[in-house]
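Structural description and commentary
Listed here are the chains, written in short residue letters.
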Amino acid sequence: VTGSDNQLKDRVAVAGVATTGFTPHNTDRSAASLAAEACTAVLRGCGLRPRDIDGVCGSIPSAPAVQTMLGLPEVTWFANPPVPFGNHVVAAASAIRSGLCDVVLCYHVSYRMAWNTASALRDPFRRPFGAGGAGAAGPETIAGAAAYAAWASRYLHEYGAPREHLGYVALNGRANALRNPVAAMRTPLSMDDYLQARMIREPLCLLDMDVPVDGADAFVLTSVERARDLPHPPVLVHAATLGIASDHEEDQMRSLSRTGQHVVIDALRARSDLWIDDVDVYFPYDGFTIITLAWLEATGWCGRGEAGAFLEQHWDANEGRALINRRIPMNPHGGALSEGATQGSGQVREAVMQLQGFAGDRQVPRARVALITAGGFFTNAQGILLRRE
Amino acid sequence: VDVSDEEALLARFPRTPIDRDTASHYRARLARRLVLDRCGACGRWHHPPAPICPECWSNDVQPTPVTGKGSIHLLTLLHQGPPAPGVDYAQPYAVVTVELDEQPALRFTSTVLGSASTDLRIGQRVELDWIERDGAPLPVFRLTGEPAA
């Protein structure tokens, strides 16, 4: 891995964030209306006008659709990278740093899709988003979401881990979501609740899987110099990377000990002056609980197979959540499991809010460095280190 | 090129996207043979099908039968899932990734029939069998009863 000369380091900033909040049922809104609400809120909050924006980068709707919906007169760079949202941060930061544009509006809409909830399938206005998924070729595949259940069973087999180790991740997310007014899931959760939850793809139950939601996040990224002139404290992109290892088809991946997550960690360390001893708040991806255990191990918080024991050791019984070294929360907004399935945009938003000091009841005192390790094992692992200036 | 033959192949697998790199695999299925890609130059197997050997970049990719013997490497039990004939999820339905004996980490994913899914374990030895699904043969596995790997 190269990258000790990190041209991106501390040159691009997140100037502001906004969110609609998240609901775990079908709203009567379009995906575009959710994008519009979050995007106008972030631009107003940053004091930016349409003509100030020359870059657009998001998931759905398309960047050109968002541009015209918001009446942004001239855009010189736009992109719709695949989720998770680390892709969007990396693309926008690269575009700004290389001079393709100056101020990028980034957005992600989470929209309950016909392919992953039965109630969305019954909503005629959501059918255009597809009812396909992995089912088209029958159940005998681990392509897509089933891969995480298959590799979770491998993990439990290799390390003799009990399901409770996965359960800690779900409990941590829920305890954190109780403090987050925009979170979708805000009823307390016990380990008994977890162990009795409906099994979906054994060994993963309903509570091992993130919650489909309606909602949107939006962000403004720009140069550090420009961000200093805007109202909120700039949050600097210190280092960022994507990571893929070869043999990344779901059933051909060699082992849990060399995945895209390990590529991310090696690259991020090489490009960064900061590492986990410097981190004040940590955002491991939690689209499935197994992904969080794997990130804890890949990042080096603990050794292979030790993530469950690590969470037990760092569990704050009073607060019902993990506090690493008694101070570092994991996904203090509730994560994808309990705030809602935002494909990483919620983690980036909460990281920025924590570093700006705008996290309300969830605020980590004097938070200056946030680590985001997004995505899973196969083709979508991502890492971002953010720091307050 | 015999277009009618290609049309006939696609007609037998109407829900499966098939292209020039995967056609040999599906043609072999119709004869109940499990065929995976093997490099004619260096001998390495790869799956899913690809037009070039990822080890040596040879274009001499040979669709080659495998024995179908191997060990369960990954296992998930579906308590719900996509509709399929003969699959009702009243009992959890096993999806297994089998590590084939031909080469470490050469794997093929299907199900295990003939045993209660809840009795399946990672490491158990399996062998290939075939059932009919939507008018075409589907490769599946059965436990052999050999000691687990």
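Numbering of residues starts from 1 in each chain and follows the order in which that chain's sequence is written. Labels are handed out in written order, letters beginning with A for the chains and numbers beginning with 1 for the ligands. Only residues with pLDDT of at least 70 get local features here, since the model is predicted, and only at 80 or more are side-chain atom pairs given and counted; chain-wide, interface and lining totals rely on the full set of residues. Values shown for side chains rest on all heavy atoms present in the structure; no hydrogens or waters enter the calculation.

**Focus on the overall build of chain B**
The helix and strand tally for chain B stands at two helices and eight strands. A radius of gyration in this sense is built from C-alpha atoms; the matching globule rule multiplies 2.2 Å by the number of residues raised to 0.38. Over its C-alpha atoms chain B spans a radius of gyration of 16 Å, differing by no more than 12% from the 15 Å that the globule rule assigns to 149 residues. Dimensions of chain B along its principal axes, counting C-alpha atoms only, are 45 × 35 × 20 Å. Within the span of chain B, comprising 149 residues, buried residues form 46% of the whole. Here, residues are in contact when the closest pair of their heavy atoms is within 4.5 Å. By sequence separation, contacts in chain B at least 24 residues apart represent 50% of the contacts at least 6 residues apart. Throughout, the Shrake-Rupley method with a 1.4 Å probe supplies accessible areas, and for residues the shown protein chains are the sole cover considered. About 7300 Å² of surface is accessible on chain B, with carbon and sulfur atoms providing 52% of the total. Charged-residue counts in this description rest on Lys and Arg as positive and Asp and Glu as negative, His and the chain ends being excluded. Taken as the charge centre is NZ of Lys, CZ of Arg, CG of Asp or CD of Glu, depending on the residue. Both charge centroids of chain B, one from 15 positive and one from 19 negative side chains, sit 3 Å from each other. By the criteria applied, helices consist of DSSP H or I runs no shorter than four residues and strands consist of E runs no shorter than two, each listed in order from the N terminus. Think of it in three bands: residues with accessible area under 20% of the maximum for their type are buried, residues over 50% are exposed, and the middle band is partly exposed, with areas taken using a 1.4 Å probe on protein chains only.

**Points about helix 1 (residues 31-46) of chain A**
Residue and element names in this part refer to chain A. Given a helix with a known number of residues, its expected span is that number minus one, times 1.5 Å. Compared with an ideal rise of 1.5 Å per residue, which puts 16 residues at 22 Å, helix 1 spans 23 Å between its outermost C-alpha atoms and is within 8% of the ideal. Turning to helix 1, its buried residues are Ala 31, Leu 34, Ala 35, Ala 36, Ala 38, Cys 39, Val 42, Leu 43 and Cys 46. Check the buried side of helix 1 and you find it contacts strand 1 (12-19), helix 2 (63-70), strand 4 (103-110) and strand 7 (215-223). Count one or two residues on from helix 1 and you reach Gly 47, which has phi positive near 70°.

**Focus on the environment of Ala 309 of chain A**
Take Ala 309 of chain A: it is sitting in helix 11 (residues 307-313). Linking Ala 309 of chain A and Leu 166 of chain A, residues 143 residues apart in sequence, is a C-alpha distance of 11 Å.

**Things to note about the interface of chain B and chain A**
Counting from both sides, the interface comprises 29 residues of chain B and, opposite them, 27 residues of chain A. Roughly 2400 Å² is buried in total at the junction of chain B and chain A, and carbon and sulfur atoms are behind 52% of that figure. Accessible-area loss on putting two parts together, using a 1.4 Å probe and summing over both, is the definition of buried area adopted here. Of all residues in chain B, Leu 74, Arg 107 and Ile 122 of chain B give up the largest surface area on contact with chain A, accounting jointly for 22% of the area buried on that side. Criterion for a salt bridge: a side-chain nitrogen of Lys or Arg within 4 Å of a carboxyl oxygen of Asp or Glu. Seen at the junction of chain B and chain A, the total is two salt bridges. Across the pair Arg 44 of chain B and Asp 247 of chain A runs a salt bridge, and its minimum N-O distance is 3.7 Å. Residue assignment for the side of chain B that touches chain A shows that the elements contributing at least two residues are strand 4 (70-78), strand 5 (93-100) and strand 6 (107-110) of chain B. Note on residue classes: Ala, Val, Leu, Ile, Met, Phe, Trp, Tyr, Cys and Pro are nonpolar, Asp, Glu, Lys and Arg are charged, and everything else, Gly too, is polar. Of the residues belonging to the side of chain B that touches chain A, the class tally is 16 nonpolar, nine polar and four charged. Strand pairing is assigned whenever DSSP detects at least two bridges linking the two strands. Here strand 5 (residues 199-202) of chain A runs beside strand 4 of chain B; their pairing, made up of two bridges, is antiparallel.

**Section: the sheet that holds strand 11 (residues 321-324) of chain A**
Residue and element names in this part refer to chain A. With antiparallel pairing, three strands are arranged side by side in an open sheet as 10-11-12. In this open sheet, the two strands that pair with only one neighbour each are strand 10 (315-316) and strand 12 (328-329). Pairing geometry for strand 10 and strand 11, over two bridges, is antiparallel. Paired with Trp 315 across the bridge in strand 11 is Ala 322.

**Observations concerning the confidence of the model for chain B**
Summarising the model, chain B shows a mean pLDDT of 95, and 98% of its residues fall at 70 or more. Interface confidence for the predicted complex, expressed as ipTM, amounts to 0.94; the pTM equals 0.96. Residue-level confidence of the predictor is what pLDDT reports, using numbers from 0 through 100.

**Details of helix 10 (residues 289-299) of chain A**
All names here are of chain A. Buried residues dominate helix 10, accounting for eleven of its eleven residues. Taken together, the buried positions of helix 10 are Thr 289, Ile 290, Ile 291, Thr 292, Leu 293, Ala 294, Trp 295, Leu 296, Glu 297, Ala 298 and Thr 299. Taken from the residues just after helix 10, Gly 300 is the one with a positive phi, measuring 95°.

**Describing the sheet that holds strand 9 (residues 281-284) of chain A**
Residue and element names in this part refer to chain A. Pairing is mixed across the open sheet formed by nine strands, whose spatial order is 3-2-4-7-1-8-14-13-9. Looking along the sheet, the strands with just one partner apiece sit at the ends: strand 3 (77-79) and strand 9. Put simply, the sheet's adjacent strands are angled 25° from each other on average, direction ignored. Relative to strand 3, strand 2 (residues 55-58) runs parallel, the two sharing three bridges. Residue pairing in the sheet places Cys 57 in a bridge with Ala 79 of strand 3. Lying over the sheet, helix 9 (residues 260-271) contacts strand 8 (235-243), strand 13 (369-374) and strand 14 (381-388), oriented at roughly 140° with respect to strand 8. Inter-axis angles, ranging from 0 to 180 degrees, are taken between N-to-C directions of lines fitted to C-alpha atoms, where helices are fitted over the stretch in contact.

**A short note on unusual backbone geometry**
At the junction of Glu 202 of chain A and Pro 203 of chain A, the peptide bond is cis and its omega measures out at 10° in the coordinates. A positive phi angle, close to 65°, is found at Tyr 89 of chain B, a residue other than glycine. Within the element layout of this structure, Tyr 89 of chain B appears in the loop between strand 4 and strand 5. Take Tyr 89 of chain B: its relative accessible area is 13%, and that puts it in the buried class. In this model, Ala 105 of chain B sits at a positive phi of 65°, which is unusual for a non-glycine residue. Within the secondary structure, Ala 105 of chain B is located in the loop between strand 5 and strand 6.

**Digging into the environment of Ala 170 of chain A**
Residue and element names in this part refer to chain A. As for its placement among the helices and strands, Ala 170 is situated in helix 6 (residues 163-177). What makes Ala 170 buried here is its relative accessible area of 2%. For the pair Ala 170 and Thr 342, spaced 172 residues apart in sequence, the C-alpha to C-alpha distance is 16 Å. Once you skip the residues sitting within four places of it in the chain, Ala 170 turns out to touch Leu 189, Tyr 194, Leu 207, Thr 289 and Leu 337.

**Structural notes on the environment of Gly 45 of chain A**
Residue and element names in this part refer to chain A. Note on placement: Gly 45 falls in helix 1. Residues Gly 45 and Val 220, 175 residues apart in the sequence, show an inter-C-alpha distance of 9.9 Å. The contacts of Gly 45, once residues within four sequence positions are left out, are Pro 231 and His 232.

**Regarding the pattern of salt bridges**
All told, the structure shown has 29 salt bridges over all chains when counted by the stated rule. The partner of Asp 266 of chain A in a salt bridge is Arg 258 of chain A, with the nearest N and O atoms 3.3 Å apart. Exposure remark for Arg 258 of chain A: the relative accessible area of 42% places this residue in the partly exposed category. Note that Glu 127 of chain B is salt-bridged to Lys 69 of chain B, the shortest N-O span being 3.5 Å. On the criterion of sequence distance, the pair formed by Glu 127 of chain B in strand 7 (residues 125-133) and Lys 69 of chain B in the loop between strand 3 (61-65) and strand 4 is long-range, its members being 58 residues apart.

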